[in-house]
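Okay, here's what each chain looks like letter by letter:
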Amino acid sequence: MCGIIGYIGNRNAIPVLINGLKRLEYRGYDSAGIAFFNGNKINVRRCAGKIKDLEVSIKGEKLRSFTGLGHTRWATHGKPSEENAHPHRSGGIVLVHNGIIENYFELKEELKGKGHVFTSETDTEVICHLIHSYSRKGLDFEAATRAALKHVEGAYAIGIINESEPDKILAVKKDSPLVLGLGEGEFFIASDIPAFLKYTKDVIILDNGEMASITRKGVSVSGIANKKPVKKEIANITWSPTMAEKGGYKHFMLKEINEQPRAIADTIRGRFSLEKGEVNLDEFSLAESELKKLNKIFLVACGTSWHAALVGKYIIEDMARVPCEVDIASEFRYRRPLLPKGSLVIVITQSGETADTLAAQRESGKLGAKVLSICNVVGSTSAREADGVFFTHSGPEIGVASTKAFTTQLTGLYLFAIALAKAKEKIRSDDIRELFNELLQLPEKVEQSLKINDAVLKIAKRFYHARDFLYLGRGINYPIALEGALKLKEISYIHAEGYPAGEMKHGPIALIDNNMPVLALAPDDKVLEKILSNMEEVKSRGGKVIAVATEGNTRVLSRASNVLFMPKTNYYLTPIIFSIPLHLLAYHMAVLKKCNVDQPRNLAKSVTVE
Ligand code: F6R
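Residues numbered from 1 in each chain as written. Predicted model: local features only at pLDDT ≥ 70, side-chain atom pairs only at ≥ 80, totals over all residues. Heavy atoms only, no water.

S.K.: Hey, could you go over the overall build of the protein chain for me, with residue numbers and the actual values?
M.R.: The helix and strand inventory of the protein chain stands at 19 helices and 26 strands. Relative to the 2.2 N^0.38 estimate, which gives 25 Å for 610 residues, the radius of gyration of the protein chain is 25 Å and therefore close to what a compact globule would have. Seen through its principal axes, the protein chain has C-alpha atoms that stretch 80 × 55 × 45 Å. Burial analysis of the protein chain (610 residues in total) assigns 61% to the buried set. Accessible area for the protein chain stands at about 24,000 Å²; split by element, carbon and sulfur atoms hold 50% of it. For the protein chain, the distance from the average position of its 81 positive side-chain charges to the average position of its 71 negative side-chain charges is 2 Å. (Helix = DSSP H or I, 4+ residues; strand = E, 2+ residues; numbered from the N terminus. Rg over C-alpha atoms; globule rule 2.2 N^0.38 Å. Buried < 20%, exposed > 50% of the residue type's maximum accessible area, 1.4 Å probe, protein only. Areas by Shrake-Rupley, 256 points an atom, 1.4 Å probe, with all protein chains shown as cover. Lys, Arg positive; Asp, Glu negative; His and termini not counted. Charge placed at Lys NZ, Arg CZ, Asp CG, Glu CD.)

Dropping the structure here:
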């Protein structure tokens, strides 16, 4: 997830671009750059760091241009550095991109073979070279762009300028957001509305497969492939700039919960081949021969990422039959862990900067283990120091409470388990295909699951005065009970405990009375009967049960005062679907209690101290 902005009009583009980038900084903040005309030539200025570093780097220069592009980067391919910062250029073609080009490696090799010289590690640079190569063949700006995009697979929102047609910006979109702002004799392109809301409230939202050709005289939109003109509606935005930054949501946490279908789609994009029945773990630097030899896995993390690790153990051991130990990072580093030969350590961390996780990662390296990282932030310390990384690509997570990072970590663990099970010959090709098919449906099922929001709000209204809460789960969903309880504690300050349902009768049952709501996770799986009995036990002691169950399961109705029905998925993916209502419940309780949802007291997004 990056932020792009473009301007064409009668004001000086430079301050417009810088101001727009500042409004987009929530989308990425590891490097930034702008491109603008200096006479007939395009100048590019970039730097690693934040927008203010870019601003400082051009301070005092009298830059003036009426057309320009800007970019704030959230690194996905290549570390955060000046060379990898956008805009990128090939000849007179300069562009900014948000998205992921899946086939960039093949395209890059092909172009290198034809003499193109690359100056960055990014996937984006191939697009400039492709457009440039078609321009050199004599195609005009638009035709060269259309021809180039025929080769490109993946997601993109791109703004392009060209030295040979200085009074034009082209904007193209597929699976990454792109909006156009329409002013008086001036036009904007951006990843998100706040970037230009200061100047205009009239917008056009581009749809997939569309190209906008923008000059000072106006905008025309057409299909990228079929060139057919498209008539677009102009919407008038009534949001305030802060609301707009959060995409109209009240809080970043709610926005991030709702971003999960997109985030999961980005996690799985290009990561497996349905035809070959293979997982692509290139970035993890794990050959199938290495996977075959693995005889023990350690999953190490903190907080919500530790809950992902706990789910990972259930998936890996069940699917690949390889023993898996899960450790809290701050415990692992001091317990003198025994890592037998052939062990693999996987640390899981959204930020890649959690002090305890980094210490555990370094300790594992010292003990001679190969260490991999499942991480969201490219260029973070964990990603740089690991022997291999699986980037979750969920985009920046701003809310302190982790939501989309968690479900994308689970998605990564699912893919890893399939690769391991295949290498260990514990799974048949037909079963692999079925697992992939279920994964392909996951973004849609998550989308469906989010429709539970109103029902969750009703439950929150009923229970937000509770002092304590108990969350019960079994098997693969026991860690989801822990996760639900953690979220409630951290953002609504209600005391909550997550418990393996079978353990309830060994202690916590003593707490149950009329004032103790109990949330029970009851998906249709092999332990459903057991959790139904646990719900009976709670009910018969006067406890109020809120059940989260698979749609169609009527047996929960008599045992619970409230039921949330979730879409059916396979056993391994239920933790993803079932965590959605729990994150929403914590969110609504916190809002009802008037808590600071995005910045809960005493908590930091990234815990960089021990
Ligand atoms: C809870 C939460 C924290 C983090 C933990 C680890 O909502 O966000 O528990 O999961 O601090 O952070 P990362 O994953 O960045 O290492």
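S.K.: Residues and numbers for the packing of aromatic side chains, please.
M.R.: Counting across every chain of the model gives eleven aromatic pairs. Plain terms: the ring middles of F469 and Y471 are 5.7 Å apart, the flat faces sit at 40° to each other, and that makes the pair tilted. Taken individually, F469 and Y471 each receive the classification buried, so the pair is uniform in this respect. Positioned above the aromatic ring of F390 is the side chain of R271, whose terminal nitrogen or guanidinium carbon lies 3.9 Å from the ring centre. When the ring centre of Y493 is taken as reference, the NZ or CZ atom of R601 above it lies at 3.8 Å. (Phe/Tyr/Trp six-rings, centres within 6.5 Å; stacked < 30°, edge-to-face > 60°. Lys NZ or Arg CZ within 6 Å of the ring centre and 35° of its normal.)

S.K.: Describe helix α15 (residues 429-449), and please don't skip the residues or the numbers.
M.R.: The terminal C-alpha atoms of α15 lie 29 Å apart, and with 21 residues this matches the ideal 30 Å at 1.5 Å per residue to within 8%. Remark: the principal bend of α15, roughly 45°, maps to L442, with a proline, P443, within the next four residues. Among the residues making up α15, those that are buried are I432, L435, F436, E438, L439, L442, P443, K445, V446 and S449. (Expected span 1.5 Å × (residues − 1). Bend = angle between axes of the 7 residues up to and from the residue.)

S.K.: Can you lay out the sheet that holds strand β21 (residues 388-391) for me, pointing to particular residues and giving the numbers?
M.R.: Hydrogen bonds along the backbone pair up the strands of a sheet, which may run parallel or antiparallel. Ordered in space as β18-β17-β19-β20-β21, the five strands form an open sheet in which the pairing is parallel. A single partner strand is all that each edge strand has here, and the edge strands are β18 (324-328) and β21. Each strand of the sheet is rotated relative to its neighbour by a mean of 20°, with strand direction disregarded. With five bridges joining them, strand β17 (residues 296-301) and β18 adopt parallel strand pairing. Its bridge partner lying in β18, F298 is registered against E325. Sheet strands in contact with helix α14 (residues 404-423) are β17, β19 (343-349), β20 (370-375) and β21, and its direction is about 160° off that of β19. (Pairing = 2+ DSSP bridges. Axes fitted to C-alpha atoms, helices over the stretch in contact; angles between N-to-C directions. Contact = heavy atoms within 4.5 Å.)

S.K.: For the environment of L139, give the residues involved together with the corresponding values.
M.R.: Along the chain, L139 falls in the loop between α4 (125-136) and α5 (141-149). Excluding its chain neighbours within four sequence positions, the residues that come into contact with L139 are Y134, A144 and A147.

S.K.: Residue-level account of the side chain of K232, with values.
M.R.: Of note, K232 is situated in the loop between β13 (218-223) and β14 (235-236). Relative accessible area serves as the criterion here: at 18%, K232 is assigned to the buried category. In this structure the side chain of K232 is engaged in a polar contact, spanning 3.1 Å, whose partner is the backbone oxygen of I205. Only 2.8 Å separates the side chain of K232 from the side chain of E210, close enough to count as a polar contact. Setting aside residues up to four positions removed in sequence, K232 forms contacts with I204, I205, L206, D207, E210 and V221. (Polar contact = N/O pair within 3.5 Å; in protein donor to acceptor, adjacent residues only side chain to side chain.)

S.K.: Give a description of the site of the ligand that names residues and reports values.
M.R.: Taken together, the neighbourhood of the ligand is formed by 13 residues, with S305, Q350, S351, T354 and E490 sitting nearest. A distance of 3.1 Å separates an oxygen atom of the ligand from a polar atom in the backbone of T304. Note that an oxygen atom of the ligand is positioned 2.7 Å from one of the backbone N or O atoms of Q350. Protein burial of the ligand: of its 410 Å² of free accessible surface, 91% is covered by the chains. Going through the elements one at a time, α10 (303-320) and α17 (478-492) are the ones with two or more residues in the shell around the ligand. Looking at the shell around the ligand, the element that brings in the most residues is α10, giving three residues. A class-by-class count of the residues in the shell around the ligand yields three nonpolar, eight polar and two charged. (Near = heavy atom within 4 Å. Nonpolar A, V, L, I, M, F, W, Y, C, P; charged D, E, K, R; others polar.)

S.K.: I'd love a proper account of the domain arrangement of the protein chain, names of residues and values included.
M.R.: Entries for the protein chain in the domain assignment read domain 1 (3-248), domain 2 (255-445) and domain 3 (450-592). Averaged C-alpha coordinates put domain 1 and domain 2 at centres separated by 33 Å. Each partner contributes residues to the interface: domain 1 has 17 residues there, and domain 2 has eleven residues. Summed over both partners, the interface of domain 1 with domain 2 buries about 1,200 Å², with 68% contributed by carbon and sulfur atoms. Counting across the domain 1 and domain 2 interface gives two salt bridges. Of the charged contacts, one joins R269 and E102 as a salt bridge, the two residues approaching to 3.5 Å between their closest N and O atoms. Applying the counting criterion to the domain 1 and domain 2 interface returns one residue pair in polar contact (both at pLDDT 80 or more). (Domains from an automatic or database assignment. Buried area = accessible area lost by both parts, 1.4 Å probe. Salt bridge = Lys/Arg side-chain N within 4 Å of Asp/Glu carboxyl O.)

S.K.: Help me get a handle on the sheet that holds β14, residues and values and all.
M.R.: Taken in spatial order, the eight strands of this open sheet run β3-β2-β4-β1-β10-β9-β11-β14, and their pairing is antiparallel. Here the strands that pair on one side only, and so sit at the sheet edges, are β3 (41-48) and β14. Where strand β2 (residues 31-38) lies against β3, eight bridges are found, and the strand directions are antiparallel. Residue pairing for β3: N38 is matched across the bridge by K41. Lying on the sheet, helix α1 (residues 13-24) is in contact with β1 (3-8), β2, β4 (67-73) and β10 (187-190); it crosses β1 at an angle near 155°.

S.K.: Help me get a handle on the pattern of salt bridges, residues and values and all.
M.R.: Summed over the entire model, instances satisfying the criterion amount to 38 salt bridges. Between E290 and K370 there is a salt bridge, with the nearest N and O atoms lying 3.0 Å from each other. Of this pair, E290 sits in helix α9 (residues 288-293) while K370 is found in strand β20, placing the two residues 80 residues apart along the sequence. Residues R335 and E325 are paired through a salt bridge, measuring 3.1 Å at the closest nitrogen-oxygen approach. Highlighted residues: R335 in the loop between α11 (329-332) and β19 and E325 in strand β18, separated in sequence by ten residues. The partly exposed category is assigned to R335, whose relative accessible area is 35%.

S.K.: Describe unusual backbone geometry, with residues and values.
M.R.: As a rule of thumb, non-glycine residues mostly have phi less than zero, and peptide bonds are mostly trans rather than cis. Residue P87 is reached from H86 by a cis peptide bond, and omega for that bond is 0°. Even without being a glycine, R321 presents a positive backbone phi close to 55°. With a phi angle near 55°, E425 is a residue other than glycine that sits in the positive phi range.

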